[in-house]
Amino acid sequence: MSAKPIRVAVVEDDSDIRQLLRNMLVRAEQLQVVGSYPDADAFLAELDRIVPDVVLMDIGLPGMNGIECVRAAKPQHPSVQYLMSTVFESPAYIHEALCAGATGYLVKNAEPESIIAAVRDIHAGGSPMSPAIAGLVVASFQQQAQREIQDQLLTEREKGILDQLANGLMYKEIAAKAGISTETVRKHVRNIYEKLQVSSRHEAVRKVYPGR
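The paragraphs below set out a description of the structure included in this document. This structure is a prediction, so every number in the text was calculated from the model and none was measured. (Residues numbered from 1 in each chain as written. Predicted model: local features only at pLDDT ≥ 70, side-chain atom pairs only at ≥ 80, totals over all residues. Heavy atoms only, no water.)

1. Structural notes on the environment of Ala118
Link 1 in the chain: Within the element layout of this structure, Ala118 appears in helix α5 (residues 112–123).
Link 2 in the chain: Each C-alpha atom of the pair Ala118 and Leu56 lies 9.9 Å from the other, and the pair is 62 residues apart in sequence.
Link 3 in the chain: Dropping the residues within four chain positions of it, Ala118 is found in contact with Leu83, Leu106 and Pro128. (Helix = DSSP H or I, 4+ residues; strand = E, 2+ residues; numbered from the N terminus. Contact = heavy atoms within 4.5 Å.)

2. Quick word on the sheet that holds strand β4 (residues 81–86)
Link 1 in the chain: Ordered in space as β2-β1-β3-β4-β5, the 5 strands form an open sheet in which the pairing is parallel. The outermost strands of the open sheet, each flanked by one partner alone, are β2 (31–37) and β5 (104–107). Taking the axes of each pair of neighbouring strands and ignoring which way they run, one obtains an average angle of 20° across the sheet.
Link 2 in the chain: As paired elements, β4 and β5 share 4 bridges and run parallel to each other. Opposite Ser85, over in β5, you have Leu106 as the bridge partner.
Link 3 in the chain: Across the sheet, helix α2 (residues 40–50) touches β1 (6–11), β2, β3 (54–58) and β4, and the angle it forms with β2 is around 140°.
Link 4 in the chain: Across the sheet, helix α3 (residues 66–73) is in contact with β3 and β4; its angle to β4 comes to roughly 175°. (Pairing = 2+ DSSP bridges. Axes fitted to C-alpha atoms, helices over the stretch in contact; angles between N-to-C directions.)

In structure tokens form, the structure reads like this:
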């Protein structure tokens, strides 16, 4: 007995891309295209009728965007998995999409084989992401972790001094801005180094601001 096909819907406003995606999915084994839609409203109007397993969802839709669409659709059928397809390689978009209920995130230049594999992966319980997207997610979590380290360990004064160090200011410039002595700045910097377990300005900045 053959396995039940994976029911897939496509939501994409570009008619050429939508047709290409549909044709690609139709040709793939064990995938069944149950609908393709140019915007969120058209998809939401049909959702109760088609109830797909996986939705390939564009973010940049006219009117209600793809993230808003997922946020509206997910409570109706929580088992439906949403695979975002987008040109936006932004941690903010990724975070917002995942919080809305998306499970995977691909860039639009992904190879057809990668898209088909992602549909199967997400249906099997995975969370597929393009390599570039995965890198952004990891970097975003690392930055958040470093921020938490900073917030938990450093005083408000130390945070301010570290920000100034990150901006390239010298001790005497920091002292002038804060209205304190250069020696006091040195003491704060020594405390920062000790708390972060580093031995230089460069190491301290890199630990708290990995992208700098």
